[in-house]
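Geometric and topological summary
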Amino acid sequence: MGRARQAFGGTARALAGTAALVLAGCGSDSAESLGLLCPDAAIVGELSKLSRFGGQAATPDALAFYGEIVGVTGNCAYDDDIVAVELQVSSVFDRPPGGPAVTEPVPYFVAVTRPDGAVVGKQELTIPVEFRDGEIRAGFSDEVTVELPLPGGRATGGDYRIYLGFQLTQAELDYNRRAAP
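If you're wondering where the values come from, they're calculated on a predicted model, not measured in any experiment.

1. Observations regarding the overall build of the protein
Check the secondary structure of the protein and you find two helices and 10 strands. Tracing the protein from N to C terminus, the helices and strands come up as β-β-α-β-β-β-β-β-β-β-β-α. When each of the 181 residues of the protein is scored for burial, the buried share is 39%. Put simply, of all contacts in the protein between residues at least 6 apart along the chain, 70% involve residues at least 24 apart. Element-wise, carbon and sulfur atoms account for 52% of the exposed surface of the protein, whose accessible area totals about 9600 Å².

Written out as structure tokens, the structure is:
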């Protein structure tokens, strides 16, 4: 299980692609009791799945493993001019039966946007997907802390959005787009 901390602000970057979103709200009793909102966290639909192939062809018989980010939950806490968002990211990975033990690094990202949609920060993290000898399913959970600066005025964590997805290659993204219903 990994743990990452990232402060966001500064230069904007574009997200790779747009997609349907699966929303998972963040909540905190202390923040909510003060009337302060936590940022919404969303998994970018088109970037939530990963099909990794062993070889040149992206065919079912060449599938090395398949993964999906299945959930994100979290809570937030306010401290002066910062809101800290603690996220729990859950993923599941499957592979064909009979494979040897293997560990495969799989990159994913956490990006933050302002209300106008501008990306104010993005961090790439790595999931060390590990299959034991003969194992066909592996689960992973990662804890990520995102610290958001709150500019003066009435800004709250609810003014931001957090997006998560796999950091796909162009070929992996193209495969997802072809495989989508």
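Let's pick the thread back up.
2. Some remarks on the packing of aromatic side chains
Counted according to the given criterion, the structure contains four aromatic pairs. Ring plane angle 70° and centroid distance 5.0 Å describe the contact between F53 and Y175, whose orientation is recorded as edge-to-face. With F53 in strand 4 (residues 49-53) and Y175 in helix 2 (residues 170-179), this residue pair connects regions lying 122 residues apart in the sequence. Since its relative accessible area comes to 23%, Y175 is described here as partly exposed. With a centroid separation of 6.2 Å and 50° between ring planes, the pair formed by F65 and F131 is classed as tilted.

3. Overview of the pattern of salt bridges
As enumerated under the stated definition, the model contains eight salt bridges in all. Put simply, D40 and R161 hold a salt bridge, and the shortest N to O gap is 3.1 Å. Placement of D40 in strand 3 (residues 40-44) and of R161 in strand 10 (residues 161-166) is noted, with a sequence separation of 121 residues between them. The partner of R132 in a salt bridge is E135, with the nearest N and O atoms 3.3 Å apart. Judged by its relative accessible area of 56%, R132 falls in the exposed class. Shared partners join several salt bridges into a network, and the residues in it are R52, E104 and E172.

4. Notes on the nonpolar core
Grouped together as the largest cluster of nonpolar side chains are 41 residues, with contacts concentrated most on F93, Y108 and F166. Going through the elements one at a time, strand 3, strand 5 (63-79), strand 6 (82-94), strand 7 (102-113), strand 8 (119-131), strand 9 (137-149) and strand 10 are the ones with two or more residues in this core. Each residue touching F93, except ones within four places of it in the same chain, is listed here: F65, Y66, G67, V106, I127, V129, F131, I136, R137, A138, F140 and F166.

5. Considering helix 2
If you check which residues of helix 2 are buried, you get E172, L173 and N176. Down the axis of helix 2, the sector holding all buried residues measures 100°, keeping them to one side. Looking at helix 2, the residues exposed on the side facing more than 90 degrees away from the buried face are Q170, A171 and R178. Tucked into the core, helix 2 has its buried residues touching strand 4.

6. Description of the side chain of T113
Tracing the backbone through its elements, the reader meets T113 in strand 7. The class for T113 is buried, based on a relative accessible area of 3%. Ignoring sequence-local partners within four residues, the contact set of T113 consists of A118, V119, V120, D159, Y160, R161 and Y163.

7. Notes on the side chain of S91
With respect to the secondary-structure elements, S91 resides in strand 6. With residues near it in sequence (within four places) discarded, S91 still touches E68, I69, V70, I127, A138, G139 and F140.

8. Notes on the pairing of strand 6
A regular strand carries its side chains on alternate faces of the sheet. Two strands pair when backbone bridges link them, and strand 5 and strand 6 are joined in this way by 13 bridges, in the antiparallel orientation. Residue pairing for strand 6: Y78 is matched across the bridge by V83. Hairpin connection of strand 5 to strand 6: two residues between the antiparallel strands, including D80 at a positive phi of 55°. Inspection of the sheet shows strand 6 paired to strand 9 by 13 bridges, in the antiparallel sense. Looking at strand 9, one finds that I82 is bridged to P149.

Calculation notes
Residues numbered from 1 in each chain as written. Predicted model: local features only at pLDDT ≥ 70, side-chain atom pairs only at ≥ 80, totals over all residues. Heavy atoms only, no water. Helix = DSSP H or I, 4+ residues; strand = E, 2+ residues; numbered from the N terminus. Buried < 20%, exposed > 50% of the residue type's maximum accessible area, 1.4 Å probe, protein only. Contact = heavy atoms within 4.5 Å. Areas by Shrake-Rupley, 256 points an atom, 1.4 Å probe, with all protein chains shown as cover. Phe/Tyr/Trp six-rings, centres within 6.5 Å; stacked < 30°, edge-to-face > 60°. Salt bridge = Lys/Arg side-chain N within 4 Å of Asp/Glu carboxyl O. Core = buried A, V, L, I, M, F, W, Y, C linked by side-chain atoms within 4.5 Å. Arc of directions from axis to C-beta. Pairing = 2+ DSSP bridges.

Function cannot be inferred from these measures alone, as they are strictly geometric.
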